[in-house]
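Structure assessment
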Amino acid sequence: MPAAESAAQAAGPPAPARPTAPRRRRRAWDEVPRWQIYLPLGVYLLFTLVPFYWILLFAVRPAGSTSLVPWPMTTEHFEKVWTERSFATFFQNSLLIGLATLVMTTVIALAGGYALARFDFRARKGFMLALLCSQFVPGALLLVPLFQIFANLRMINSLGSVIIAETVFQLPLSMILISGFIKNVPYSLEEAAWVDGCSRFAAFRIVVLPLLRPGLVAVGSFAFVHAWNHFLFALMFLSSQEKQTIPVGLNTLMGADSVDLGALAAGGVIAAVPVVVVFAFIQKWLVTGFSAGAVKG
């Protein structure tokens with residue numbers, strides 16, 4: 001035993017254990033071959049982009065050409081629909097209706113959503129249920145009562161009738177979304193502002209409103225795009241050509257016996273450009289807003 005102890009002391013302290021590299025956990029993404037992910041995405045992208053290329057092809061290809069490559073390119077179809085078919089007026093009317101609907105829907109939904117999120121009144125649950133049930137009512141069922149109301153108010157053939165109809169149609173969903181956004185803002189922030197001397201409106205404007213920016217962008221963009229693309233209300237409430245909108249203008253390009261494909265494609269491009277631009281600039285805010293409103297409330 002003494003000899004063994006002396007030999008151990010002469011050998012020195014035992015070498016520390018060599019650390020082992022941590023094992024990398026394999027995720028489900030790493031276990032799936034890349035081609036099984038990119039192939040369906042590529043097919044879906046091709047399925048989505050081919051119609052856009054087709055409409056651009058007819059819009060910039062000379063009349064009578066059957067080439068699949070738009071060369072030489074021409075702008076005659078755009079000039080025709082913009083000047084001869086009054087698409088400049090249609091574009092202006094659609095833009096005015098879309099912006100007015102955006103502002104009215106956002107302001108009213110903001111006030112109603114705040115009341116639903118912060119006040120506990122007796123009819124609150126019943127009102128929320130009514131808002132949800134209203135989403136099952138198609139817009140076509142509202143045409144007759146809205147037409148009678150606007151006729152009594154002498155608002156037929158007025159852009160204001162379409163703006164009011166679009167706002168009424170967009171308000172239920174917008175109020176539900178806004179109330180969900182406001183519920184995600186801690187109530188203690190408003191209480192702290194009240195302690196500092198702010199009124200309820202000042203606390204809402206200074207504390208809550210800046211935090212609702214993604215939600216407001218989501219609701220406003222949804223209202224604008226729907227008002228821009230909606231066909232039914234403009235067709236029923238606007239009779240004169242100088243009051244028509246882009247969707248109704250596109251419908252006038254299709255005759256009973258023939259269709260000018262070049263002009264129709266150019267009009268479709270003009271109608272799609274504002275929507276594409278809007279979504280390109282607000283994509284980040286839109287995704288953040290809808291995800292924030294879906295978490296709670």
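These numbers come from a predicted model, not from an experiment.

Let's shift gears to the packing of aromatic side chains. In the structure shown here, the tally under the stated rule is twelve aromatic pairs. The interplanar angle of 15 degrees and the centroid separation of 5.8 Å between the aromatic rings of Phe-233 and Phe-237 together place this pair among those described as stacked. Within this pair, Phe-233 and its partner Phe-237 are both found in helix H12 (residues 232-237), separated by four residues, close to a single helical turn. These aromatic residues form a ring-pair network of at least three members: Phe-147, Phe-150, Phe-169, Phe-233 and Phe-237. The ring of Phe-58 carries Arg-61 above its face, with NZ or CZ at 4.6 Å from the centroid.

To continue, consider helix H3 (residues 34-60). Taking 1.5 Å per residue as the helical rise, H3 with its 27 residues ought to reach 39 Å, and the 37 Å between its terminal C-alpha atoms agrees with that figure. The sharpest bend along H3 reaches about 25 degrees and sits at Leu-49, with the proline Pro-51 one to four residues further on.

What follows deals with unusual backbone geometry. Backbone geometry at Ser-86 places phi at a positive 60 degrees, although glycine is not the residue there. In this fold, Ser-86 is placed in the loop between helix H4 (76-84) and helix H5 (87-118).

With that out of the way, let us pick up the packing of helix H6 (residues 124-134) against helix H8 (residues 159-183). At a minimum axis separation of 8 Å, H6 and H8 run at an interaxial angle of 130 degrees. On the basis of their axis angle, the class for H6 and H8 is oblique. Considering only the axes of H6 and H8, their crossing is left-handed. For the pair H6 and H8, contact is made by Arg-124, Phe-127, Met-128, Leu-131, Leu-132 and Ser-134 and by Pro-172, Met-175, Ile-176, Ser-179 and Lys-183, respectively. Classifying every residue of the contact of H6 with H8 by side-chain character gives seven nonpolar, two polar and two charged.

Here we come to the pattern of salt bridges. Tallied over the full model, the rule gives one salt bridge. Close ionic contact of Glu-190 with Arg-118 constitutes a salt bridge, the shortest N to O distance being 2.5 Å. Remark: Arg-118 occurs in helix H5 and Glu-190 occurs in helix H9 (residues 187-195); sequence separation between them is 72 residues. The pair Glu-190 / Arg-118 is uniform in exposure class, with both members buried.

With that settled, consider the confidence of the model for the chain. Mean pLDDT over the chain: 80, with 83% of residues reaching 70 or higher. Averaged pLDDT values over the elements of the chain bottom out at 50 in helix H1 (residues 2-11) and peak at 90 in H5. Counted against residues more than four places away or in other chains, residues 293-297, with its pLDDT under 50, gives seven contacts.

Right, let's talk about the side chain of Ser-221 for a bit. Mapped onto the fold, Ser-221 is located in helix H11 (residues 213-229). A residue is classified by how much of its surface remains accessible, and Ser-221, at 5% relative accessible area, is buried. A polar side-chain atom of Ser-221 sits 2.8 Å from the main-chain carbonyl oxygen of Val-217. At 2.9 Å, the side chain of Ser-221 and the backbone oxygen of Ala-218 are in polar contact.

Turning our attention to the side chain of Thr-106. Tracing the backbone shows Thr-106 in helix H5. Judged by its relative accessible area of 15%, Thr-106 falls in the buried class.

Quick look at the packing of H8 against H11 now. At a minimum axis distance of 10 Å, the contact between H8 and H11 shows a crossing angle of 160 degrees. It follows from the interaxial angle that H8 and H11 lie roughly antiparallel. Between H8 and H11 the crossing geometry is right-handed. Across the interface between the two elements, Glu-166, Phe-169, Gln-170, Leu-173, Ser-174, Leu-177, Ile-178 and Phe-181 from H8 touch Gly-215, Leu-216, Val-219, Phe-222, Ala-223, His-226 and Ala-227 from H11. For the contact of H8 with H11, the class distribution of residues is ten nonpolar, four polar and one charged.

Procedures and definitions
- Residues numbered from 1 in each chain as written.
- Predicted model: local features only at pLDDT ≥ 70, side-chain atom pairs only at ≥ 80, totals over all residues.
- Heavy atoms only, no water.
- Phe/Tyr/Trp six-rings, centres within 6.5 Å; stacked < 30°, edge-to-face > 60°.
- Helix = DSSP H or I, 4+ residues; strand = E, 2+ residues; numbered from the N terminus.
- Lys NZ or Arg CZ within 6 Å of the ring centre and 35° of its normal.
- Expected span 1.5 Å × (residues − 1).
- Bend = angle between axes of the 7 residues up to and from the residue.
- Axes fitted to C-alpha atoms, helices over the stretch in contact; angles between N-to-C directions.
- Parallel < 35°, antiparallel > 145°, perpendicular 65-115°, else oblique.
- Left-handed = near helix turned anticlockwise from the far one by under 90°.
- Contact = heavy atoms within 4.5 Å.
- Nonpolar A, V, L, I, M, F, W, Y, C, P; charged D, E, K, R; others polar.
- Salt bridge = Lys/Arg side-chain N within 4 Å of Asp/Glu carboxyl O.
- Buried < 20%, exposed > 50% of the residue type's maximum accessible area, 1.4 Å probe, protein only.
- pLDDT = per-residue confidence, 0-100.
- Polar contact = N/O pair within 3.5 Å; in protein donor to acceptor, adjacent residues only side chain to side chain.

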